[in-house]
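So the chains spell out like this:
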Amino acid sequence: MDKVSKEKVYEWLSSVTDPEVPVLTIMDLGIIRDVIVDNIDGQNFVKVVITPTYSGCPAMDVIAMQIRMAMMSHEIKNIEIESRLSPAWTTDWMTEEGKIKLKEYGIAPPNRKAFQPLGFFEEDVVACPRCGSQDTELVSQYGPTSCKALYKCHSCKEPFEHFKCH
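A brief structural summary. As the structure is a prediction and not an experimental result, all values here were calculated from the model. (Residues numbered from 1 in each chain as written. Predicted model: local features only at pLDDT ≥ 70, side-chain atom pairs only at ≥ 80, totals over all residues. Heavy atoms only, no water.)

Observations regarding a nonpolar patch on the surface
Then, number 1: Residues Val62, Met65 and Met69 make up a contiguous nonpolar surface patch of about 270 Å² in total accessible area.
Then, number 2: With a relative accessible area of 45%, Met65 lands in the partly exposed category. (Patch = residues over 30% accessible without salt bridge, like charges linked within 9 Å, V, L, I, M, F, W, Y side chains within 5 Å. Areas by Shrake-Rupley, 256 points an atom, 1.4 Å probe, with all protein chains shown as cover. Salt bridge = Lys/Arg side-chain N within 4 Å of Asp/Glu carboxyl O. Buried < 20%, exposed > 50% of the residue type's maximum accessible area, 1.4 Å probe, protein only.)

Encoded structure:
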């Protein structure tokens, strides 16, 4: 078998979606830390290093399985998936395209960088992804997943999720 390129593996990984937010790929999320490709005696070996969005994120097992399936669909049989916790993932690693996809999907994307902390008693201003109004209110710090918060919009009266900055 011909040696597989690192670029080709990244291309294949761009089809793997997040099981919790299926509009995003794992490339959009920025959880792929590294790809190492080797070819020994005609056998391709691929190692994919991933970082979970949260330590203990339940989606990571499904994502690892989807990565394996993506590689196997291209006849890569020797696959290693390494989970790396340090440094911790941050929303700064998300692509701008991923943030646009979130908004179009109805989830307010993170609106600041993780290294820009809020002041004491300061809250994020989160615009409604449906109507764009900033007249919104935090309903719950935790949504269906721990990486999202629940908000409601006072203008269009619609509830929505916000992908929290961290």
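So, next bit.
Looking at the pattern of salt bridges
Then, number 1: For the coordinates displayed, the defined rule picks out 9 salt bridges.
Then, number 2: Between Glu97 and Lys101 there is a salt bridge; the shortest N-O distance is 3.7 Å. Here Glu97 and its partner Lys101 are both found in helix H4 (residues 96-105), 4 residues apart, which amounts to about one turn of the helix.
Then, number 3: When its relative accessible area of 49% is taken as the criterion, Glu97 is described as partly exposed.
Then, number 4: With its nearest N and O atoms 3.8 Å apart, the salt bridge here joins Glu137 to Lys152. Here the residue Glu137 occupies a position in strand S5 (residues 136-140), and Lys152 occupies one in strand S6 (residues 148-153), the gap between them amounting to 15 residues.
Then, number 5: A relative accessible area of 34% places Glu137 in the partly exposed class.
Then, number 6: Take Lys152: its relative accessible area is 35%, and that puts it in the partly exposed class. (Helix = DSSP H or I, 4+ residues; strand = E, 2+ residues; numbered from the N terminus.)

Looking at the sheet that holds strand S3 (residues 78-83)
Then, number 1: Read across the open sheet, the 3 strands follow the order S1-S2-S3; overall the sheet is mixed. Taken across any chain shown, the strands that pair with only one partner, and hence form the sheet edges, are strand S1 (32-40) and S3. Averaged over neighbouring strand pairs, the angle between their axes works out to 15° when direction is ignored.
Then, number 2: By the bridge criterion, 8 bridges tie S1 to strand S2 (residues 43-50) in an arrangement that is antiparallel. Pairing of Ile36 across the sheet is with Lys47, part of S2.
Then, number 3: The sheet contacts of helix H3 (residues 59-72) involve S1, S2 and S3, and relative to S3 the element is tilted by about 155°. (Pairing = 2+ DSSP bridges. Axes fitted to C-alpha atoms, helices over the stretch in contact; angles between N-to-C directions. Contact = heavy atoms within 4.5 Å.)

Observations concerning the nonpolar core
Then, number 1: Residues Val9, Leu13, Ile26, Ile32, Ile67, Met71 and Phe163 are the most contacted members of the largest nonpolar core, which totals 33 residues.
Then, number 2: For this core, the elements supplying multiple residues, two or more each, are helix H1 (6-13), helix H2 (26-29), S1, S2, H3 and S3.
Then, number 3: The element that contributes the greatest number of residues to this core is H3, accounting for 7 residues.
Then, number 4: In contact with Val9, not counting residues within four places along its chain, are Val4, Val35, Val37, Val46 and Met71.
Then, number 5: In terms of nonpolar packing, the next biggest core, distinct from the first, is built from 7 residues, Ala108, Val126, Ala149 and Phe160 among them. (Core = buried A, V, L, I, M, F, W, Y, C linked by side-chain atoms within 4.5 Å.)

Considerations on H1
Then, number 1: Within the span of H1, buried status applies to Val9, Trp12 and Leu13. Projected onto a plane normal to the axis of H1, the buried residues spread over an arc of 100° and lie on a single side.
Then, number 2: Close packing links the buried residues of H1 with H2, S1, S2 and H3. (Arc of directions from axis to C-beta.)

A look at the sheet that holds S5
Then, number 1: Pairing is mixed in the open sheet, where 4 strands are placed in the order S4-S7-S6-S5. Only two strands of the sheet have a single partner each, and these edge strands are strand S4 (107-108) and S5.
Then, number 2: Pairing analysis gives 2 bridges linking S4 to strand S7 (residues 159-163), with the strands arranged parallel. Bridging from a neighbouring strand, Ile107 pairs with Glu161 of S7.

With respect to the packing of aromatic side chains
Then, number 1: Under the defined criterion, the tally for this structure stands at 2 aromatic pairs.
Then, number 2: Between the aromatic rings of Tyr151 and Phe160, the centroid separation amounts to 5.7 Å while the plane-to-plane angle is 20°, which identifies the pairing as stacked.
Then, number 3: The buried category is assigned to Phe160, whose relative accessible area is 3%. (Phe/Tyr/Trp six-rings, centres within 6.5 Å; stacked < 30°, edge-to-face > 60°.)

Remember, this is a structural readout, not a statement about activity or role.
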